[in-house]
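# Architecture at a glance
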Amino acid sequence: MARILVVDDSIENLTLIELFLRGTEFDPVTASGGREALELCSRESFELILLDVVMPTIDGFEVCRRLKDDPRTAFVPVIFLTGRLVDESDKVAAYKLGAVDYIQKPVNREELVARIRVMRRLEQTRSQLDRENAALREEVEALGRSLHAVSREIEQLQRLRHEFDSTAEPGVLALDADGKVVAVDPSVRDLLGDIQVGVPLTECGHAASRVARLLADGARSADLTLPRGGDAARVARVAVRTNVSGGTFLLIRDVTGLAEAERLVRERELAESEGDGATGDGESGDGPSIEHGYAMTDYVGRSSEVLALNETVDRLRQSRSTVLIHGESGTGKELVARALHFDGANRNEPFIPMHCGAIAPELVESELFGHERGAFTGAEQSRDGLFRAADGGTIFLDEIAEMSVPVQIKLLRVLQRGEIRRVGANQPRIVDVRIIAATNQDLAALVKEGKFREDLYYRLQVVSLELPALRDRTVDLPLLIDNFIKAANVRHGRKDLPVQGVSRGAMERLVRYDWPGNVRELENVIERAFALGVGDVLQLEDLPQHIIDGRSSLAAAPDPVIEDGATASDLPDLKNMRRAAERQAILQALSRSGGDKIAAAAALGMSRSTFYRRLKELGL
């Protein structure tokens, strides 16, 4: 049965309309005022609303305005009922607000039922037309994208063929078993510079030294970007062949144009594969894949863990459900929150993030809910809070565990009834805000310790997302590294001499490392290499020493060994050892971040408030 909401401050009118609708295909639900009607609509859905015009506190016009401003009820047909003499200005106002009909009381049963049926049929027809129009638009857009893709593919393949046909034959560079030059073609000299026979390749100039470094890394083939004075850089393709006497032949040719054409084709294919979601586990074609699936914006990865996370986010992004995101620092909790909002139906509405530990506890309530003028010292004018600013959209509460218990109570009210109250205000306001919360702490344990409210915990955990640590999805490392290198090339202006990739030795160490700082730590490692002047290939020596050694930069000192016969007075003070280790870790983080406290706190996985407190306690 179709559910109809009947709103009237007169019990007699509500009873009469209930009698009129009894025995029909309609199921009436009654509300005795505007506030009760708004609360019902925030929790339940209706197919049509019969709304009295004259009511105390909130009249019918104001109720209609709020219903049409709320995306959950904007398309529900509203029929006004009035006992006043019909005024054309009232009718015009009602239709401007979005009402579909305006009926004078007393109401005739047959007329009322007939009008409701007509309006329901009109609404069903409109909805069907909207769906058909949306489907047609999608088909037209898909056809246009397909035609554009085919046109670009033909253009790029033609360029690739042209560049391949115009590429010169490879020149030969021969080395003996000791790495000395035995023979060299003129075309190789043109690319690498003046190479002399009988001289070790490592002593034949910068370009030749880079080729020698490729051989030392065990590479079988590679592309090298070579500067040419004031001219544009050239790309040399090197292929390594070893003969039976222990010497080495290198086939080297200029592929500058061909490399650029191949890069464009690779980028197009990667964009298409990411758009289709046809991705594997990063190692072989046997891994999991999603046929034409969804992939979160800016969240890089093709591992089974990331594909499972994409699937869950895809099911949540079109809803307005509360979501709790849990994961270690640096795993991308805000990226997931942004995907839930900006990839969903409400992408054009506000998205407001707030770190619950970044604002002083006494200011959090005012920041979230706003305040009235004079509510406290310094409140010289009224101010809307973040919930009001995010009305219709999403608010992201990062590190929700840092929120004080008094503010938790007010947040519970928002989750239960969509109600906010400014600091110093008497009347609440209704908002429609989706709440996404995130934490790197165990909220269930905090509930048991009395530091987090149990009722808020269950309200937040409508849907819970667990983000995988980087050490649990190392198959994504090459893709993440390539993504960060491309971004750093642009950020550091490496257009003519870009970093092309990572050597085999460096990649092996990166894969073996445990990544306690997760993706954020990986990004910092790549940024460090660029800051220190990495060459065209990121080598082992470009990595921080703790990654080369395979240990965390925050690893604690080894436990002391207790010798036989040692007494308690002979043992070191464990508290002081921990304090010294923490002090050293913070100093290292500050040094690496150039004194940036926010970056240092992020690298250590601490909230800003905790970091500042520890600085003070440690005398830093």
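Residues numbered from 1 in each chain as written. Predicted model: local features only at pLDDT ≥ 70, side-chain atom pairs only at ≥ 80, totals over all residues. Heavy atoms only, no water.

## Regarding the overall build of the protein chain
The number of helices and strands found in the protein chain is 22 helices and 19 strands. The buried share of the protein chain, taken over its 620 residues, is 40%. Here the analysis covers contacts within the protein chain between residues at least 6 apart in sequence; of these, 62% occur between residues at least 24 apart. (Helix = DSSP H or I, 4+ residues; strand = E, 2+ residues; numbered from the N terminus. Buried < 20%, exposed > 50% of the residue type's maximum accessible area, 1.4 Å probe, protein only. Contact = heavy atoms within 4.5 Å.)

## Regarding the sheet that holds strand 16 (residues 434–439)
Within a sheet, adjacent strands bond to each other through the backbone by hydrogen bonds, running parallel or antiparallel. Read from one edge to the other, the open sheet built from 5 strands follows the order 12-13-16-11-17, with strand pairing classed as parallel. Looking at the sheet topology across the chains shown, the edges are occupied by strand 12 (351–355) and strand 17 (463–466). Within this sheet the neighbouring strands show an average axis-to-axis angle of 20 degrees, counted without direction. The pairing of strand 11 (residues 323–326) with strand 17 spans 4 bridges and is classified as parallel. Among the inter-strand pairings, H326 is bridged to a residue of strand 17, identified as E466. Each of strand 11, strand 16 and strand 17 is contacted by helix 9 (residues 304–316), which is oriented at about 155 degrees to strand 17, the strand it contacts most. (Pairing = 2+ DSSP bridges. Axes fitted to C-alpha atoms, helices over the stretch in contact; angles between N-to-C directions.)

## Observations concerning the sheet that holds strand 2 (residues 26–31)
If you trace the 5 strands from one edge of the open sheet to the other, you get 2-1-3-4-5, paired in parallel fashion. Each end of this open sheet is capped by a strand with a single partner; those strands are strand 2 and strand 5 (101–104). Averaged over all neighbouring strand pairs, the angle between strand axes comes to 20 degrees, with direction disregarded. Bridge analysis of strand 1 (residues 2–7) against strand 2 gives 6 bridges, and the strand direction is parallel. Bridge assignment links R3 to a residue of strand 2, and that residue is D27. On the sheet, helix 1 (residues 11–21) packs against strand 1, strand 2, strand 3 (48–52) and strand 4 (78–82) and is oriented at approximately 170 degrees with respect to strand 2.

## Let's talk about the nonpolar core
Soluble globular proteins tend to pack their nonpolar side chains together in the buried interior. Counting residues in each nonpolar core, the largest one holds 32 residues, and the members touching the most others are L368, F387, L397 and I400. Elements with a contribution of two residues or more to this core: strand 12, helix 11 (361–369), helix 12 (386–389), strand 13 (394–398), helix 13 (405–417), strand 16, helix 14 (443–448) and helix 15 (454–460). Per element, the largest residue contribution to this core is 5 residues, and it comes from helix 13. Setting aside anything within four residues of it in sequence, one finds F387 in contact with L368, F369, I395, L411, V414, I420, V431, V433 and I435. The next biggest cluster of nonpolar side chains, apart from the first, holds 25 residues, and it includes L470, A488, V502 and W515. (Core = buried A, V, L, I, M, F, W, Y, C linked by side-chain atoms within 4.5 Å.)

## Let's talk about the packing of helix 2 (residues 34–43) against helix 3 (residues 60–69)
Helix 3 packs onto helix 2 with a crossing angle of 15 degrees between their chain directions and a minimal axis gap of 10 Å. It follows that helix 2 is roughly parallel to helix 3 by the angle criterion. Between helix 2 and helix 3 lies a crossing of right-handed hand. Seen from helix 2, the contacting residues are G34, L38 and C41; seen from helix 3, they are V63, R66 and L67. Its residues assigned to classes, the contact of helix 2 with helix 3 shows 4 nonpolar, 1 polar and 1 charged. (Parallel < 35°, antiparallel > 145°, perpendicular 65-115°, else oblique. Left-handed = near helix turned anticlockwise from the far one by under 90°. Nonpolar A, V, L, I, M, F, W, Y, C, P; charged D, E, K, R; others polar.)

## Brief notes about the pairing of strand 11
As judged from the 4 bridges shared by strand 11 and strand 16, these two strands associate in the parallel manner. Paired with V323 across the two strands is I436, which belongs to strand 16.

## Some words on the packing of aromatic side chains
One pass over the structure, following the stated rule, counts 7 aromatic pairs. Between the aromatic rings of F61 and F80, the centroid separation amounts to 5.3 Å while the plane-to-plane angle is 65 degrees, which identifies the pairing as edge-to-face. On the criterion of sequence distance, the pair formed by F61 in helix 3 and F80 in strand 4 is long-range, its members being 19 residues apart. What makes F80 buried here is its relative accessible area of 0%. Between Y513 and W515, the ring centres sit 4.7 Å apart and the planes meet at 85 degrees, which makes this aromatic pair edge-to-face. With respect to class, Y513 is no different from W515; both count as buried. Among the aromatic residues, those joined into a ring-pair cluster are F61, F80 and Y102. Between K410 and the ring centre of F369, over which it is positioned, the NZ or CZ distance is 4.8 Å. (Phe/Tyr/Trp six-rings, centres within 6.5 Å; stacked < 30°, edge-to-face > 60°. Lys NZ or Arg CZ within 6 Å of the ring centre and 35° of its normal.)

## A few points about the confidence of the model for the protein chain
Across the protein chain, the average pLDDT comes to 82, with 86% of residues at or above 70. Mean pLDDT in the protein chain bottoms out at helix 8 (residues 256–276), which sits at 63, and peaks at strand 11, which reaches 95. Note on residues 274–292: pLDDT is under 50 here. Beyond four places in sequence and across chains, it has 30 contacts. Counted against residues more than four places away or in other chains, residues 556–571, with its pLDDT under 50, gives 3 contacts. (pLDDT = per-residue confidence, 0-100.)

## Points about the packing of helix 11 against helix 13
The interhelical angle for the contact between helix 11 and helix 13, taken along N-to-C directions, is 20 degrees, at an axis separation of 10 Å. Judged on the interaxial angle alone, helix 13 and helix 11 are roughly parallel. Note on packing geometry: the crossing formed by helix 11 with helix 13 is left-handed. Where helix 11 abuts helix 13, its residues V364, E365, L368 and F369 lie against V407, K410, L411 and V414. When grouped by side-chain class, the residues that make up the contact of helix 11 with helix 13 number 6 nonpolar, no polar and 2 charged.

## Details of the pattern of salt bridges
Taken as a whole and judged by the stated rule, the model has 29 salt bridges. One salt bridge connects R338 with E334, and the closest N-O pair in it is separated by 3.1 Å. Of this pair, R338 and E334 both sit in helix 10 (residues 333–342), 4 residues apart, which is roughly one turn of that helix. Residue classification places E334 among the partly exposed positions, given a relative accessible area of 30%. Within the structure, one salt-bridge network assembled from shared partners comprises E39, R413, R417 and E419. (Salt bridge = Lys/Arg side-chain N within 4 Å of Asp/Glu carboxyl O.)

## Side note on the side chain of T331
Turning to its location among the elements, T331 is positioned in the loop between strand 11 and helix 10. You can call T331 buried: its relative accessible area is 2%. For T331, the side chain forms a polar contact with the main-chain oxygen of E328, separated by 2.7 Å. Residue contacts for T331: discarding those within four places in its chain leaves Y299, L467, P468, A469 and N518. (Polar contact = N/O pair within 3.5 Å; in protein donor to acceptor, adjacent residues only side chain to side chain.)

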